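# Notes for the structure review
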Amino acid sequence: MKTRGFEVVTRYKDAGINLPRRQTLASAGYDIEAAEDITIPSIWRLDFVRIFRLIRNGHQLYERDFEMADKILKPLLVPTGLKVYMPEDEVLILANRSSNTFKKHLALPNGIGVIDADYYNNPNNEGELFVQVLNYGVCPLHIHKGDRIAQGIFMKYLKTDDDHPISRARLSGFGSTNEEEDD
Ligand SMILES: O=c1ccn([C@H]2C[C@H](O)[C@@H](COP(=O)(O)OP(=O)(O)OP(=O)(O)O)O2)c(=O)[nH]1
Ligand SMILES: [Mg+2]
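These notes cover the structure that comes with them. (Residues numbered from 1 in each chain as written. Chains lettered and ligands numbered in written order. Predicted model: local features only at pLDDT ≥ 70, side-chain atom pairs only at ≥ 80, totals over all residues. Heavy atoms only, no water.)

### Observations concerning the sheet that holds strand S7 (residues 106-107)
The strand order across the open sheet formed by 3 strands is S4-S9-S7, and the pairing between neighbours is antiparallel. In the strand order of this sheet, the two ends are held by strand S4 (76-79) and S7, each with one partner. Looking at chain direction, S4 and strand S9 (residues 130-135) are connected through 4 bridges and run antiparallel. Each bridged residue has a counterpart across the sheet, and for Leu 76 the counterpart in S9 is Val 133. (Pairing = 2+ DSSP bridges. Helix = DSSP H or I, 4+ residues; strand = E, 2+ residues; numbered from the N terminus.)

### Concerning the site of ligand 1
Taken together, 17 residues sit near ligand 1, with Asp 116, Phe 130, Gly 175, Ser 176 and Thr 177 positioned nearest. Between an oxygen atom of ligand 1 and a side-chain N or O atom of Asn 110, the distance comes to 3.2 Å. At a separation of 2.6 Å, an oxygen atom of ligand 1 approaches a polar side-chain atom of Asp 116. Protein contacts shield 80% of the accessible area of ligand 1, which totals 570 Å² for the unbound molecule. (Near = heavy atom within 4 Å. Polar contact = N/O pair within 3.5 Å; in protein donor to acceptor, adjacent residues only side chain to side chain. Areas by Shrake-Rupley, 256 points an atom, 1.4 Å probe, with all protein chains shown as cover.)

Purely spatial values, then, with no claim about function.
If you want it as structure tokens, here you go:
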């Protein structure tokens, strides 16, 4: 009887993805690996520093400068090739590993990822977990397939007394409910 666990998504089924594992007897987190090699550029890219210089020297900034700065600060999504199933009253908290900040200048700009039980096998992306990252170091960061880039912790979540009963199915993630009309 399946209660909670990780599975590999179809598009990575032959890619040798390791299912997350805890590393010690009482580790709370299941360490999640990058599904591919990926390079995370530094946010302190020269063109971003150039914008700072323009601002400091009181230069006029143009739309394209702001668009470029926005692009640089947009987090990258690291694919995991994984999906996760759990009871409806549970959540998987996707947290950074402390060694990522301490040794790699790798931040999860969303703080923590909240993986909902109904994200699993959603029609848009099969519920694939992605880790949002920013590299606040000054050098590009090369992540290799198999590097443990985050950890997942299963938890129960609570509802309010007047919780709004809802039956809407989840169609995707990353803002999918922003587009849908309320019931
Ligand atoms: O780091 C993350 C955060 C979220 N997700 C996926 C799983 C989650 O179930 C879904 C929605 O996440 P969340 O509810 O935090 O984002 P949202 O902006 O509220 O999106 P939505 O409107 O789809 O709920 O996106 C990830 O894969 N990685
Ligand atoms: Mg949401």
